[in-house]
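Observations on the model geometry
Residue-level listing of the chains:
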Amino acid sequence: MFVASVKKVLESSVQKYLKTTIKSASFSAESVKTSTDHRYVVVGINKSGSKSDCEQLKYPLVWLRDNCQCSSCFDAPTKSRIIDWTKFDLKNAQPKSVSINKQLEVIWKDDHVSKFDFKWLYERSFTAESRQKYLDNHYRPKPMLWSKEQFEMKEFKAGDVFENDEALYDWLETLARYGVAMIKNADLTEDQARKLANRISFIRKTSYGEEFIVRADPNATNVAYTSNLLQIHTDLPYYEYTPGVNLLHCIAQTKLPGAFNMLADGFHVAERLKKENPKVFKCLSTTLVNWSDYGADGGTRFETIQRSPVICLDYEGNITRINHSIPQRDTFFSVDAEVVDEWYSALKTFVDLLHEEAVYFKTEPGDILTFSNIRLVHGRTGYTDTEGNVRHIVGAYIDWDEIYSRLRILANDKRMKR
Ligand code: OGA
Ligand code: ZN
Ligand code: ZN
């Protein structure tokens, strides 16, 4: 079910891209006027040559002036705006004339001339539909949240992802939508996580270096490097720019019981809370928590501290990040004592719900478990290492900025090939 739905989503997004490409050949305009309040140019853009397809699209004059594509306002080789904002006068963004021929032409009050392609304008239309299309098809794939019952691991072959850009795209798109994907059959060498990260961009370095080895170690400097239970958590919540994606490459696995991975979709659980228990949601999304790491690695000491809520929201109220780590939550809690009881009770509710929605599985040698560190919580049940039965994991991180960028480039290459 999971595989089929992913395939459907991929096919439909490819079809959408194709449609846009075909239509782009025949963009034209049939009317242009300035709005009576002198704030907009309204262009009747025709996207397929048929009159019934004409849309009246409204462009703010100030935006058109700022986005003039002439060589003194826009540097084509670097695709960058270079208009001199010390001389940019908002009040002067008024036209002497607007006209359409092969392009929209605006002659401004100061005689500066701007020309805009209709396709370019159409793609940048301010309609709600057009803006959503850009957000879903170009900005970032829309996350599809999952409950425990809906979860099914989507798998990709390491060889395919390493060699083939279509497979790379499919893996990254799955990771972006579902927050998790498994790479199978990687070599049993310590270079595979790096090789995978390099397929996208580069490893995101942290205080623990680039790759980190998760192995039970009697001299452990971090609770993760023991064979004890690792309670569900997000890694490195004490970084403001916390790493986006974890790669956990299993090189050797204990055959004894234990060492099961636990995963839950933190965004799904937070959305559940928002509906079922809005007071708890509000408390966890507005109380700043001190996250910290006091330690040393490779001879370097660090004291990394960052304050942010357990459930982070953007300005539109979208959930953007989950922070949860019992060991990395500081003893300093810089909030009013009055709010502490309520916050603890809210956290307990959230953690219980995360456990209710958690799935369990055990990775095999050659697996690279990849998942969003800002959306999912993960953990590992305790285990016993014995002679000849030692668990050996190589971990590394990648940042979401690099993944989204790679996805856009791959989608673009895909479009060009067709
Ligand atoms: C970690 C971690 C998981 C594992 O090191 O932070 O979550 O499977 N490890 O050992
Ligand atoms: Zn210009
Ligand atoms: Zn972890």
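Up top is the structure these notes are about.
In this report, we go over the structure that sits alongside the text. (Residues numbered from 1 in each chain as written. Chains lettered and ligands numbered in written order. Predicted model: local features only at pLDDT ≥ 70, side-chain atom pairs only at ≥ 80, totals over all residues. Heavy atoms only, no water.)

1. Topic: the site of ligand 1
Surveying the vicinity of ligand 1 reveals the residues Val 214, Ala 224, Leu 230, His 233, Asp 235, Leu 248, Asn 261, His 378, Arg 380 and Arg 391. With respect to ligand 1, the side chain of Arg 391 contributes an N or O atom lying 2.7 Å from an oxygen atom. For the shell around ligand 1, the elements supplying multiple residues, two or more each, are strand S12 (230-233) and strand S21 (376-380). Here the shell around ligand 1 is composed, by residue class, of four nonpolar, three polar and three charged. (Near = heavy atom within 4 Å. Polar contact = N/O pair within 3.5 Å; in protein donor to acceptor, adjacent residues only side chain to side chain. Helix = DSSP H or I, 4+ residues; strand = E, 2+ residues; numbered from the N terminus. Nonpolar A, V, L, I, M, F, W, Y, C, P; charged D, E, K, R; others polar.)

2. Notes on the packing of aromatic side chains
Aromatic ring pairs: the centre-centre distance and the angle between the two ring planes describe each pair. Within this structure, the stated rule accounts for 16 aromatic pairs. Their ring planes at 70° and their centres at 5.4 Å tell us that Tyr 208 and Phe 302 sit as a pair that is edge-to-face. One end of the pair, Tyr 208, is in the loop between helix H7 (192-200) and strand S11 (212-214); the other, Phe 302, is in strand S16 (residues 300-308), with 94 residues separating them in the sequence. Residues Tyr 208 and Phe 302 agree in their burial class; the two are buried. Aromatic ring contacts, followed pair by pair, group Tyr 59, Trp 63, Phe 116, Trp 120 and Phe 126 into a single cluster. Taking NZ or CZ as reference, Lys 362 lies 5.5 Å from the ring centre of Phe 260, over its face. Above the face of the Tyr 169 ring, Lys 414 is positioned so that its terminal group lies 3.7 Å from the ring centre. (Phe/Tyr/Trp six-rings, centres within 6.5 Å; stacked < 30°, edge-to-face > 60°. Buried < 20%, exposed > 50% of the residue type's maximum accessible area, 1.4 Å probe, protein only. Lys NZ or Arg CZ within 6 Å of the ring centre and 35° of its normal.)

3. Some points on the sheet that holds strand S6 (residues 95-100)
Taken together, the three strands give an open sheet; going across it, the order is S6-S7-S8, and neighbouring strands pair in antiparallel fashion. On the outer flanks of this sheet lie S6 and strand S8 (113-116), each paired with one strand and no other. In this sheet, neighbouring strand axes are inclined to one another by 15° on average, regardless of whether the strands run parallel or antiparallel. Pairing of strand S7 (residues 104-108) with S8, which is carried by four bridges, proceeds in the antiparallel orientation. When the sheet's bridge partners are listed, Leu 104 is paired in S8 with Phe 116. (Pairing = 2+ DSSP bridges. Axes fitted to C-alpha atoms, helices over the stretch in contact; angles between N-to-C directions.)

4. So, the packing of helix H8 (residues 266-276) against helix H10 (residues 340-356)
At their nearest, the axes of H8 and H10 sit 10 Å apart, and the two run at 125° to each other. Classified by the interaxial angle, the pair formed by H8 and H10 is oblique. Crossing hand, H8 versus H10: right-handed. Residues Gly 266, Val 269, Ala 270, Arg 272 and Leu 273 of H8 pack against Thr 349, Phe 350, Leu 353, Leu 354 and Glu 356 of H10. Counted by class, the contact of H8 with H10 contains six nonpolar, two polar and two charged residues. (Parallel < 35°, antiparallel > 145°, perpendicular 65-115°, else oblique. Left-handed = near helix turned anticlockwise from the far one by under 90°. Contact = heavy atoms within 4.5 Å.)

5. Digging into the environment of Val 310
Looking at where Val 310 falls in the secondary structure, it is placed in the loop between S16 and strand S17 (311-313). In the structure, Val 310 is positioned eleven residues away from Arg 321 in sequence and 8.0 Å away in space, judged by C-alpha atoms.

6. Description of the coordination of the zinc ion (ligand 2)
Here the zinc ion (ligand 2) is held by the protein donor atoms Cys 68 (SG), Cys 70 (SG), Cys 73 (SG) and His 112 (NE2), which lie 2.1 to 2.3 Å from it. Here the zinc ion (ligand 2) is ringed by four donor atoms whose angles at the metal span 104 to 116°, and the overall shape comes out tetrahedral. Sequence positions of the donors to the zinc ion (ligand 2) reduce to the motif C-x1-C-x2-C-x38-H. (Donors = N, O, S within 2.8 Å, 3.2 Å for Na, K, Ca; no water. Tetrahedral: all angles 85-135°; square planar, octahedral: opposite > 155°, others 65-115°.)

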